[in-house]
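So the chains spell out like this:
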Amino acid sequence: MEYDFRNLESKWRKNWQDRGTYHVKEDPTKPKYYVLDMFPYPSGAGLHVGHPLGYIASDIYARYKRLQGFNVLHPMGYDSFGLPAEQYAIQTGQHPAVTTDENIARYRQQLDQIGFSYDWSREVRTSSPDYYKWTQWIFKQLFDCYYDLKTDKAERISTLIHAFEMDGNSNIQAVTDFEGQFTSTEWHAYSAQQKEEIIQAYRLAYLAESWVNWCPALGTVLANDEIINGVSERGGHPVEQKRMRQWSMRIKAYAERLLEGLDRIDWSDSIKEQQRNWIGKSQGASVSFAIENSIESIEVFTTRPDTIFGVSFMVLAPEHPLVNQLVSAECKSAVEQYQKEAGLKSERDRQADVKNITGQAIGAYAIHPFTGDRIPIWIGDYVLASYGTGAVMAVPCGDQRDYDFAKYFGLPIKNIFANVDITEQAYTEKDAQIAESDFLNGLDAKSAMIKAIEAIEAKGIGKGKTNFRLRDAVFSRQRYWGEPFPVCYQNEIPELISDDLLPIELPEVDKYLPTEDGEPPLARAKKEAWNHFQGERMEFNTMPGWAGSSWYFLRYMDPSNENEFVGKEKVDYWKNVDLYIGGSEHATGHLLYSRFWTKFLYDQGYIPFDEPFEKLINQGMILGKSAIAYLDSEGKMHSYDLIAHDTSQFREVRILIDLIQDDESIDIDALRKWQPQFEKLELKTNDQGKILVKREVDKMSKRWYNVVTPDDLCEKYGADTLRMYEMFLGPLEQSKPWDTKGITGVHGFLKKYWRLFHQNGQFEVSDGAPTKESMKSLHKTIKRLRDDLDRFSFNTGVSSFMICVNELTEQKCNNREVLTQLSILMAPYAPHITEEIWSKLHGDNSSIFDQSYPVFDEQYLKESDFEYPVSFNGKLRFKVSLSVELTPKEIEAQVLGMPETQKYLEGNTPKKTIIVPGRIINFVI
RNA sequence: GCGGAUGUGGUGAAAUUGGUAGACACGCCAGACUUAGGAUCUGGUGCCGAGAGGUGUGCGGGUUCGAGUCCCUCCAUCCGCACCA
């Protein structure tokens, strides 16, 4: 009986489905464990071998936890709103929902063949109205809340309005963009529009005119995390700054808590650091500088208030609102010229142009608050309008950029550090004594900072302040395939649509393009195409991709609840995700937004935890190995080894990697059939008559022809082999190129494992007592595997199995007891083959997944006997894989008694004995 | 520039608190069986050396009886952020 993985795997997959093996229910008698994968966007290209990597790891862990007696929630779904389906719709007219359904069907089929233990009855799709109903509902809650700094959490807008009605805004401490003051009387006198305008400045989901990243090619705005190096993440199109009225999320309100929460969760340092950088907290002070001959003042933010006596000029961003007011007549044209040039530069050019120092004096002067000195005011594009106050107090001796600026324009550089040389560059360390600074003289940076802030506050010109780099996230997109907002407009005031009318479904449109007037595609929908049309008009924007993915992990707990986004008893039972696996590319997007929403829902009492993902593992990317062939100007293909030293005269073409043999040469016949352009291809072959190619590691992608799909591998080797091989490749978190060659090793291992149970083609196991040797192999494996899984080292786990099976094969062990235990150990890794073997061992009525995970017995791990002297070199060193129960004294006595030892000691008495229990013993003579 | 990570055979990689470096697997070499094999099995395989032996975890130092592991300097590669005041 051969290892017939094809029949066996499909048989068990069907069995699991029929029996509902992976359905889970809340069960208060068992501890819960929640294992989650980042759900995929179902793209048209289907899965390649990289996608399931994390899914396999999480599946193994979920099964392991289940065997350990946990009630494991392990669901899967689809992040099914997104650009590609919409782009396809624009080209073909096919409704994105149709494309999406087709893609999901394909994904499901591909996922199913790998044998995951997902509870598919809990599937969610962000594009399904049953689901986005609750995305809309959460949006409504955000719209209806503000962040109160006294209670340090989100509170209802009604509370705020009540306070306004009683006392105006004088007693309010909240996160807001509103800067004025009003009394209760004034509040009552405001028009509805004016009131709403003020409230918008407090709402957590708000509408505001702001600078946004506009991507003309995609026809939509983008959030900061959707832009990489100044171009759009999707498609790589240029992005420009544009002032638009858009929905935003006041994520800034949660900056401090998002930072603090990182200390409580088990994520990699690199992701935590990325989030910390993104939030970008810096502490310092804001200081107002009075302006000569003007009632205006300039507020700056500085992290170095201790260097305030080193200020020798100020720099404003070219867009700073005061520039045009303050500019002197003689500087006006130069300033305008400079502003124009700065405005022309895209964000990207400005970043690329870091080395060029540019700037322009505006002919106005500020007054130093302590010395009364006149400080020239400049504009320069190294100061960003969007950070801090858009203005800096320049301290050239303590900041390199200020220093370079001062040198370039010949501005004064005042040294306020004792015994520090600043003739070449600024001194940016904080360990020098402050000098030339009046009341700060002689202090170190830290105490100077405190004293400076005290002085600034005493003078009433500023205060200690914390600044964040994190900016509010733009929440609207001018696209069709996203969640519609549950918002309509009446007199241009946004109004929420009531809960009982949700979901607001996506209306049908004739085209998926913006209208001729530049309105988003939803503006094309006729009034009757909306399932609920309210007010004068509906909101035409849709929500961004991250809306649905910010809370999906909650919906799995209660996926078909029609009355709540998640039932209270369900979320109280399952709580947050214990293990979350997914790529690190979401570090500052999804992973930050879901933390934000979770904290908000926690504040409002809907869920009992404020961090969504307890432990996070970022699986590495699986890369493809492209095959590159070289064509000369006549279109003749040359073998790579003939031209390797100079490829400049050749054109590179990427060849489908399925046509590559032995990792390096092209199957010529197959190549001719592959594409018409190669049908009559002329060749310059090497000595062996081959055409070699260059291999290069790229992202796995259809356009590089380097995709390896799980389908072919499952067909050829089976799902269990694929699962174990993907784990065997190396540490989960590392990126690595895919190489199919090694898969035969894992496949051979499974065959070997199968053979343990079969003699002469018949299933045959022995029932006697196992040998001590076999028990030792088994228990060593149990121990190793527990350790491997507890530290998420899936690759060493596979090796442990290989070692065990090699040993048992050598021992000719086919003992039922040993093999039963081994099978349970292997079940999470290779569920199909182990289930088949289980049914042979114990009948069809019991499932291997209902067993409990083996526990190792210390007695089998003990070794005995001293082995041999290792070296002699002034000291004598022994390996003594020794009994655990011996005391160090006993070990010493035994070793000293050995004739070998005496020979080396030559009658000396050791001066010192060093014993490493269970390992090595050294004598120093 | 700042921050994070990683450097171990021909390759992917092990080495759990410092304790026989290279487990396990691929590849390669030799052999067995076979009409054949991209099947199976056996043995070998870090490097130098015929051998004994020497040497070896990016470089150079240090701590230690003992360092891939800990500390310092440097180098290389990858990732993230980047004029953030």
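Residues numbered from 1 in each chain as written. Chains lettered and ligands numbered in written order. Predicted model: local features only at pLDDT ≥ 70, side-chain atom pairs only at ≥ 80, totals over all residues. Heavy atoms only, no water.

### What about the overall build of chain A?
Here comes step 1: The helix and strand tally for chain A stands at 30 helices and 36 strands.
Here comes step 2: C-alpha atoms of chain A, sized along the principal axes, occupy 100 × 90 × 75 Å.
Here comes step 3: Within chain A, the proportion of its 925 residues that are buried is 52%.
Here comes step 4: Across chain A, the fraction of contacts at a sequence separation of at least 24, relative to all contacts at a separation of at least 6, is 71%.
Here comes step 5: Taken as a whole, chain A presents about 41,900 Å² of accessible surface, with 47% of it coming from carbon and sulfur.
Here comes step 6: Within chain A, the 135 negative side-chain charges are centred at a point lying 4 Å from the centre of the 106 positive side-chain charges. (Helix = DSSP H or I, 4+ residues; strand = E, 2+ residues; numbered from the N terminus. Buried < 20%, exposed > 50% of the residue type's maximum accessible area, 1.4 Å probe, protein only. Contact = heavy atoms within 4.5 Å. Areas by Shrake-Rupley, 256 points an atom, 1.4 Å probe, with all protein chains shown as cover. Lys, Arg positive; Asp, Glu negative; His and termini not counted. Charge placed at Lys NZ, Arg CZ, Asp CG, Glu CD.)

### Overview of the pairing of strand S4 (residues 153-156)
On any regular strand, side chains alternate: one points to one face of the sheet, the next to the other face.
Here comes step 1: Both strand S3 (residues 145-148) and S4 contribute to a ladder of 4 bridges, which runs antiparallel. The partner of Tyr146 across the bridge, within S4, is Glu155.
Here comes step 2: Taking the residues that link successive antiparallel strands as the turn, the S3-S4 hairpin has 4 residues, and the phi of Asp152 there is positive, at about 55°. (Pairing = 2+ DSSP bridges.)

### As for the sheet that holds strand S1 (residues 32-37)
Within a beta sheet, neighbouring strands are joined by backbone hydrogen bonds and run either parallel or antiparallel to one another.
Here comes step 1: Pairing within the open sheet is parallel, and its 4 strands lie in the order S2-S1-S21-S22. Here the strands that pair on one side only, and so sit at the sheet edges, are strand S2 (71-73) and strand S22 (613-618). Recorded for the sheet is a direction-independent mean angle of 20° between the axes of neighbouring strands.
Here comes step 2: Relative to strand S21 (residues 577-582), S1 is paired through 3 bridges, and the arrangement is parallel. Each residue of the ladder has a partner; that of Leu36, found in S21, is Tyr580. (Axes fitted to C-alpha atoms, helices over the stretch in contact; angles between N-to-C directions.)

### So, the sheet that holds strand S17 (residues 473-474)
Here comes step 1: Strand order in the open sheet made by the 4 strands is S6-S5-S9-S17, with antiparallel pairing throughout. The open sheet terminates on both sides in strands that have one partner only, identified here as strand S6 (220-222) and S17.
Here comes step 2: Both strand S5 (residues 205-215) and S6 contribute to a ladder of 3 bridges, which runs antiparallel. Bridged to Cys215 within S6 is Thr220.
Here comes step 3: Seen against the sheet, helix H5 (residues 129-143) touches S5 and strand S9 (240-249) and runs at an angle of roughly 95° to S9.

### Quick word on the packing of aromatic side chains
Here comes step 1: Scanning the entire structure with this criterion turns up 65 aromatic pairs.
Here comes step 2: Relative to Trp247, the ring of Phe139 has its centre 5.3 Å away and its plane inclined at 80°; by these criteria the two rings are edge-to-face. Of this pair, Phe139 sits in helix H5 while Trp247 sits in strand S9, and the two are 108 residues apart along the sequence. With respect to class, Phe139 is no different from Trp247; both count as buried.
Here comes step 3: Cluster of aromatic residues (ring-pair linked, three or more members): Phe139, Phe143, Trp247, Phe475, Phe485, Trp546, Tyr593 and Trp597. (Phe/Tyr/Trp six-rings, centres within 6.5 Å; stacked < 30°, edge-to-face > 60°.)

### Some remarks on the packing of helix H27 (residues 816-826) against helix H28 (residues 831-842)
Here comes step 1: Packing of H27 against H28 brings their axes to within 10 Å, and their N-to-C directions diverge by 150°. Judged by the angle between their axes, H27 and H28 are roughly antiparallel. Relative to H28, H27 is oriented so that their crossing is left-handed. In this structure, H27 uses Arg816, Thr820, Ser823, Ile824 and Met826 to contact H28, whose residues at the interface are Thr834, Ile837, Trp838, Leu841 and His842.
Here comes step 2: Of the residues belonging to the contact of H27 with H28, the class tally is 5 nonpolar, 4 polar and 1 charged. (Parallel < 35°, antiparallel > 145°, perpendicular 65-115°, else oblique. Left-handed = near helix turned anticlockwise from the far one by under 90°. Nonpolar A, V, L, I, M, F, W, Y, C, P; charged D, E, K, R; others polar.)

### A few points about the nonpolar core
Here comes step 1: Among the nonpolar cores identified, the biggest contains 189 residues, and Met637, Ile655 and Leu822 are the most heavily contacted of them.
Here comes step 2: Top element by residues in this core is helix H2 (residues 52-67). It accounts for 9 residues.
Here comes step 3: The next biggest cluster of nonpolar side chains, apart from the first, holds 49 residues, and it includes Val315, Tyr338, Met393 and Ala432. (Core = buried A, V, L, I, M, F, W, Y, C linked by side-chain atoms within 4.5 Å.)

### A short note on a positive patch on the surface
Here comes step 1: Side chains of Lys252, Lys463, Lys465, Arg469 and Arg471 sit close together on the surface and give a patch of like positive charge.
Here comes step 2: Tracing the chain through its elements places Lys463 in strand S16 (residues 462-468). (Patch = residues over 30% accessible without salt bridge, like charges linked within 9 Å, V, L, I, M, F, W, Y side chains within 5 Å. Salt bridge = Lys/Arg side-chain N within 4 Å of Asp/Glu carboxyl O.)

### Section: the pairing of strand S19 (residues 493-496)
Here comes step 1: Pairing analysis gives 4 bridges linking strand S18 (residues 487-490) to S19, with the strands arranged antiparallel. By the bridge assignment for S19, Cys488 is matched with Glu495.
Here comes step 2: What sits between S18 and S19 in their antiparallel hairpin is a turn of 2 residues, with Asn491 showing a positive phi close to 55°.

### So, the side chain of Thr721
Here comes step 1: Among the secondary structure elements, Thr721 is positioned in helix H23 (residues 719-728).
Here comes step 2: For Thr721, the contacting residues outside a window of four places in its chain are Ile743, Val746, His747 and Leu750.

### What about unusual backbone geometry?
Here comes step 1: Residue Pro503 follows Leu502 across a cis peptide bond; omega there is -5°.
Here comes step 2: Counting through the fold element by element, Pro503 comes out in the loop between S19 and strand S20 (537-538).
Here comes step 3: For Asp152, which is not glycine, the phi dihedral falls at a positive 55°.
Here comes step 4: Summarising the element assignment, Asp152 is placed in the loop between S3 and S4.
Here comes step 5: At Glu436, a residue that is not glycine, the phi angle is positive and equals roughly 55°.
Here comes step 6: Locating Glu436 in the fold gives a position in the loop between helix H14 (400-409) and helix H15 (445-458).
Here comes step 7: We classify Glu436 as exposed; its relative accessible area is 56%.

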